[in-house]
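Chains, contacts and geometry: an overview
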Amino acid sequence: MGCGSSGPAASRPGATNYSALPEDAVPYPGLPWELRLIEAPVTMKTEAALFGLDGTVVTTDTASLYPIIAMEGYTLIQFAPIPGAFKREGMFSMGGTLRYQAIMGKQQSDSSELWQLHIVKSYLAPNMMNSGFQLLFSGTQGASSDSSHLYQIIGETCAQGGRLLCIEPSMSGKAPGAADALQGKGGVMGIDMFFNMAKHSNPTYYTYQAIHVPINFRMQAGMMSASAQIDVDWHGQLQTYLSHGWKLVDIFFDFGSSSSMGFMSASGSINSVWFFEKDTSKLNDNTPLYEGAVVEYWQKISVSMSGNSTPQGTWDECIIKMGERGWELASIVMTPESKVKGTSVQMKIVLLFQRRILSV
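Residues numbered from 1 in each chain as written. Predicted model: local features only at pLDDT ≥ 70, side-chain atom pairs only at ≥ 80, totals over all residues. Heavy atoms only, no water.

**Structural notes on the confidence of the model for the chain**
Our working rule: Per-residue confidence from the prediction method is given by pLDDT, with values spanning 0 to 100. Per the convention used, a helix needs a DSSP run of H or I reaching at least four residues, while a strand needs a run of E reaching at least two, with both numbered from the N terminus. Residue contacts follow a heavy-atom distance rule, with two residues in contact if any of their heavy atoms lie within 4.5 Å.
With 88% of its residues at a pLDDT of 70 or more, the chain has an overall mean of 86. Looking over the chain, one finds the lowest element-wise mean pLDDT in strand E1 (residues 3-4), namely 40, and the highest in helix H4 (residues 234-242), namely 97. The low-confidence segment residues 1-15 (pLDDT under 50) makes 41 contacts with residues lying over four places distant or belonging to another chain. Taken as a whole, residues 132-137 scores under 50 in pLDDT and shows six contacts with residues more than four places along the chain or in a different chain.

And the structure:
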């Protein structure tokens, strides 16, 4: 398990595989972020039904890490698996060990607010388009899911003084059985929802909005290589809402997608959901409070013949450097943009930051 506040976690080699960080013409007058980046193993187990008549069940023990991420004095920012960090139990097993990272931060201030971490476990059950026999006669496929119950959980929790921190896939769930797959059912995907619950009196109440943004992609495959590219204006989308007084909480993929298949190629889109928050008492005040920044990071991954994968490099240095200049990490987005050559994979990850607008 690695932990760092002034450098990358020791468990992964460092590398500056990210785009240029924003420069300040004059030093930022605000407070820096003190960060804790903690890595820990998570066991993933699979239980397959006879002949696949019932879906394979996947379980993870992420709950064992909850005491770690409930570190007093720090606010959870992100809690998710590290892309490419997986060790299989055996050659014929789909189970194994993932590595998760919890990113927590705090700013020194005179605030008397007290918070307690609150975790809600939920799910998404996607429905497939052109599934079963229909897929044989159609060049298009896709999925959709109803996430209204997630919004209901957010509304009910925040009405009690809660504040949404992030929404992450738990990597647990159940794949569809043979009969369900023919009917277009996509199984069940576990979702973890993280909140801070106010323990102080007269808490500020927040209003949330979910913005659906399609991420368009194009894929091309060769004999020993493949690549995927995406088309989205990350900074423009972020700035649209920051400029109206909102703050980004997280970006989440709800498994909604559509794609069209060609000869060794594909194109389509996946649905991303951007969660923004605003002080309910200032809902009609569009004065910008935050400025935004976007950094692109390329994660290199080595895949072995046994199915194990190992990440080469880390985003830790980028996040810590930004935090030192007052930038708060808002979301880490694992995009479908990638480059594959043999057993080497490069995956594009987008880091979105924001910080208070202060006069110098």
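There is more to say, and it comes next.
**Structural notes on the environment of Ala210**
Test applied: Relative accessibility decides the category of a residue: with a 1.4 Å probe and only protein chains considered, values under 20% of the type maximum give buried, values over 50% give exposed, and everything between is partly exposed.
Within the secondary structure, Ala210 sits in strand E11 (residues 206-221). A relative accessible area of 29% places Ala210 in the partly exposed class. Along the backbone, Ala210 and Tyr151 are 59 residues apart, and their C-alpha atoms lie at a distance of 8.3 Å. Residues contacting Ala210, with those up to four places away along its chain left out, are Tyr151, Val273, Trp274 and Phe275.

**Let's talk about the side chain of Ser338**
If you trace the backbone, Ser338 turns up in strand E17 (residues 328-341). What Ser338 contacts, discounting residues up to four positions off in sequence, is Ala226, Ser227, Ala228, Trp298, Gln346 and Met347.

**Things to note about the pairing of strand E12 (residues 225-231)**
Using the following cut-off: Paired strands, in this sense, are two strands between which DSSP finds at least two bridges.
By the bridge criterion, six bridges tie E11 to E12 in an arrangement that is antiparallel. Its bridge partner lying in E12, Met219 is registered against Ala228. Count of turn residues in the E11/E12 antiparallel hairpin: three residues. Summarising the sheet, E12 and E17 pair through four bridges and their orientation is antiparallel. Opposite Ala226, over in E17, you have Val340 as the bridge partner.

**Some details on the packing of aromatic side chains**
The test is simple: Pairing of aromatic rings covers Phe, Tyr and Trp, the last through its six-membered ring, and needs centres within 6.5 Å; plane angles under 30 degrees mean stacked, over 60 mean edge-to-face, and all others mean tilted. By definition here, charges over rings are those cases where NZ of Lys or CZ of Arg is within 6 Å of the ring centre and within 35 degrees of the ring normal.
Under the criterion given, the structure shown has eight aromatic pairs. Taken together, a centroid distance of 6.3 Å and an interplanar angle of 90° make the contact between Tyr66 and Phe194 edge-to-face. Of this pair, Tyr66 sits in helix H1 (residues 66-69) while Phe194 sits in strand E10 (residues 188-198), and the two are 128 residues apart along the sequence. Three or more aromatic residues joined by ring pairs form one cluster here, namely Tyr66, Phe79, Tyr100 and Phe194. Here the basic side chain of Arg355 rests over the ring of Tyr28, its NZ or CZ set 4.1 Å away from the ring centre.

**Overview of helix H2 (residues 148-158)**
Rules: When we speak of the arc, we mean the arc of directions from the helix axis to the C-beta atoms.
Residues of H2 that are buried include every one of Leu150, Ile153, Ile154, Thr157 and Cys158, and no others. Seen along its axis, H2 keeps its buried residues to an arc of 115°; they face one direction. Where H2 is buried, its residues contact strand E6 (115-124), strand E9 (162-174), E10, E11, strand E13 (247-262) and strand E14 (265-279).

**Quick notes on the pairing of strand E18 (residues 344-356)**
Counting buried residues along E18, 10 of its 13 residues qualify, which places the element largely inside the surrounding structure. Inspection of the sheet shows strand E15 (residues 290-303) paired to E18 by 13 bridges, in the antiparallel sense. Directly across from Glu291, in E18, lies its bridge partner Arg355. Here E17 runs beside E18; their pairing, made up of 10 bridges, is antiparallel. Its bridge partner being in E18, Ser331 is matched across the sheet by Leu352. Hairpin connection of E17 to E18: two residues between the antiparallel strands, including Gly342 at a positive phi of 65°.

**Regarding a nonpolar patch on the surface**
Applied cut-off: What makes a patch is a set of residues exposed beyond 30% relative accessible area and free of salt bridges, joined within 9 Å when like-charged and within 5 Å when nonpolar (Val, Leu, Ile, Met, Phe, Trp, Tyr). Per-residue accessibility takes into account occlusion by the displayed protein chains alone, with areas from the Shrake-Rupley method and a 1.4 Å probe. Any carboxyl oxygen of Asp or Glu that lies within 4 Å of a side-chain nitrogen of Lys or Arg is treated as forming a salt bridge with it.
A cluster of nonpolar side chains, Met223, Met224, Phe263 and Met264, forms an exposed patch at the surface whose accessible area comes to about 570 Å². Using a relative accessible area of 64% as the deciding quantity, one classes Met224 as exposed.

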